[in-house]
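Structural features, examined
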Amino acid sequence: MLDGLIDSGQQHNVDLRIAAERVIAAHALRRAATAGLLPEITAQAGITAARRTTGDSASVGLGASWEPDIGGRLSAAVRAARSDASATAADAEAVRLLLIEEIARAYIDYRLQRALITLTTRTVTAQEETLRITRDRFEFGMASSLDVERAAALGDGAADLNARLEGQSLEKAAAMD
């Protein structure tokens, strides 16, 4: 169940989507910076038709340019872009891990709440039995009315606690959705 909650959370979390888009953008900027180190090649082609006796003519052009990285400006830009991409990826991973931690914490809180409810439900049942026994003992003169009142108060307290825990459990379940 926890794996399903984590998968669903990762698929639907807006912050995680934004972080992923930032990673994609940072990698695109890194590729663009790296491209500045490579030679640039251009090609052109053309055909000209003329009504001259010499006929049609065709031309082809090819060009290449390359900027040497003498001062290291381009290499520094590439290193900066790589660092930015790495930092952005680390930020995205931190967002993902925080999301997983938040989901896991909410799930654990919910499971603990359910365990407490199980215990208090058993306590309520035990307190009801104690009250029944105490009333029986009172009828036979073996317990005082104060004993009956104490048993009833303990039962009411356990029932109230159980009701509060049930409400909190519903809130925690809603928080996980």
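Each chain has its residues counted from 1, running along the sequence as written. At least 70 in pLDDT is required for a residue's local features to be given in this predicted model, at least 80 for side-chain atom pairs to be given and counted, and no such filter applies to totals for whole chains, interfaces and linings, which use all residues. With hydrogens and water excluded, all non-hydrogen atoms of the structure serve as input to the side-chain values.

Describing helix 2 (residues 14–35)
Quick reminder: α-helices carry 3.6 residues per turn. Residues three or four places apart thus point the same way. As a reminder of what qualifies: Secondary structure counts use DSSP, requiring at least four H or I residues in a row for a helix and at least two E residues in a row for a strand, with both numbered from the N terminus. To estimate how far a helix should reach, multiply one less than its number of residues by 1.5 Å. Three exposure classes are used, based on accessible area relative to the maximum for each residue type with a 1.4 Å probe and protein chains only: buried under 20%, partly exposed in between, and exposed over 50%. Throughout, the arc means that of the directions going from the helix axis to the C-beta atoms. It only takes one pair of heavy atoms within 4.5 Å for two residues to be counted as in contact. N or O atoms within 3.5 Å of each other form a polar contact, as long as, within protein, one can give a hydrogen and the other can take it, and as long as residues adjacent in sequence are counted only when both atoms are side-chain atoms.
Spanning 22 residues, helix 2 covers 32 Å between terminal C-alpha atoms, matching the ideal 32 Å at 1.5 Å per step. Every buried residue of helix 2 is accounted for by Leu-16, Ala-19, Val-23, Ala-26 and Ala-33. Relative to the axis of helix 2, the buried residues are bounded by an arc of 95° and lie together on one face. What points out from helix 2, more than 90 degrees from its buried face, is the exposed set Val-14, Glu-21, Ile-24 and Ala-32. Its buried side turned inward, helix 2 meets helix 1 (2–12) and helix 3 (73–139). The opening residue of helix 2 is Asn-13, an N-cap whose side-chain oxygen sits 3.0 Å from the backbone nitrogen of Asp-15.

Quick notes on the environment of Asp-7
Considering the arrangement of structural elements, one finds Asp-7 in helix 1. Relative accessible area serves as the criterion here: at 44%, Asp-7 is assigned to the partly exposed category. Distance in space between the C-alpha atoms of Asp-7 and Arg-96 is 11 Å, their sequence separation being 89 residues.

With respect to the environment of Ala-25
Tracing the backbone through its elements, the reader meets Ala-25 in helix 2. Judged by its relative accessible area of 39%, Ala-25 is partly exposed. Placed 63 residues apart in sequence, Ala-25 and Thr-88 show a C-alpha to C-alpha distance of 9.3 Å.

What to know about the side chain of Asn-13
By the element assignment, Asn-13 lies in the loop between helix 1 and helix 2. Here the side chain of Asn-13 touches Asp-15 through a polar contact of 3.0 Å, landing on its backbone nitrogen. Polar contacts involving the side chain of Asn-13 include one to the main-chain amide nitrogen of Leu-16, which spans 2.8 Å.

Considerations on the packing of helix 2 against helix 3
Short version of the rule: To get an axis, a line is fitted to the C-alpha atoms, and for a helix only the part in contact is used. The angle between two axes follows their N-to-C directions and goes from 0 to 180 degrees. In this scheme, roughly parallel covers angles under 35 degrees and roughly antiparallel covers those over 145, while 65 to 115 is roughly perpendicular and the rest are oblique. Should the near helix be turned anticlockwise from the far one by less than a right angle, the crossing is termed left-handed; should it be turned clockwise, right-handed.
In contact at an axis separation of 8 Å, helix 2 and helix 3 are set at 165° when each is read in the N-to-C sense. With respect to each other, helix 2 and helix 3 are oriented roughly antiparallel. Helix 3 is crossed by helix 2, and the crossing has left-handed handedness. Only Ala-77, Val-78, Ala-81, Arg-82, Asp-84, Ala-85, Thr-88, Ala-89, Ala-92, Val-95, Arg-96 and Leu-99 of helix 3 make contact with helix 2, whose side of the interface consists of Asp-15, Leu-16, Ala-19, Arg-22, Val-23, Ala-26, His-27, Leu-29, Arg-30, Ala-33 and Thr-34.

Observations regarding the confidence of the model for the chain
Just so we agree on the cut-off: The quantity called pLDDT is the predictor's confidence in a given residue, expressed from 0 to 100.
Of all residues in the chain, 93% have pLDDT values of 70 or greater, and the mean over the chain is 87. Mean pLDDT in the chain bottoms out at strand 1 (residues 40–48), which sits at 72, and peaks at helix 3, which reaches 93.

Re the pattern of salt bridges
As a reminder, the rule being used: The rule for a salt bridge is simple: a side-chain nitrogen of Lys or Arg has to be within 4 Å of a carboxyl oxygen of Asp or Glu.
As enumerated under the stated definition, the model contains 5 salt bridges in all. Where Arg-105 meets Glu-101, a salt bridge forms, and the shortest distance between an N and an O atom there is 2.3 Å. Taken together, the residues span about one helical turn, with Arg-105 and Glu-101 both in helix 3 at a distance of 4 residues. Take Arg-105: its relative accessible area is 52%, and that puts it in the exposed class. Residue Arg-114 is joined to Glu-166 by a salt bridge in which the shortest nitrogen-to-oxygen separation is 3.4 Å. Taken together, the positions of Arg-114 in helix 3 and Glu-166 in helix 4 (residues 145–176) put the pair 52 residues apart, joining distant regions of the chain. Residue classification places Arg-114 among the partly exposed positions, given a relative accessible area of 27%.

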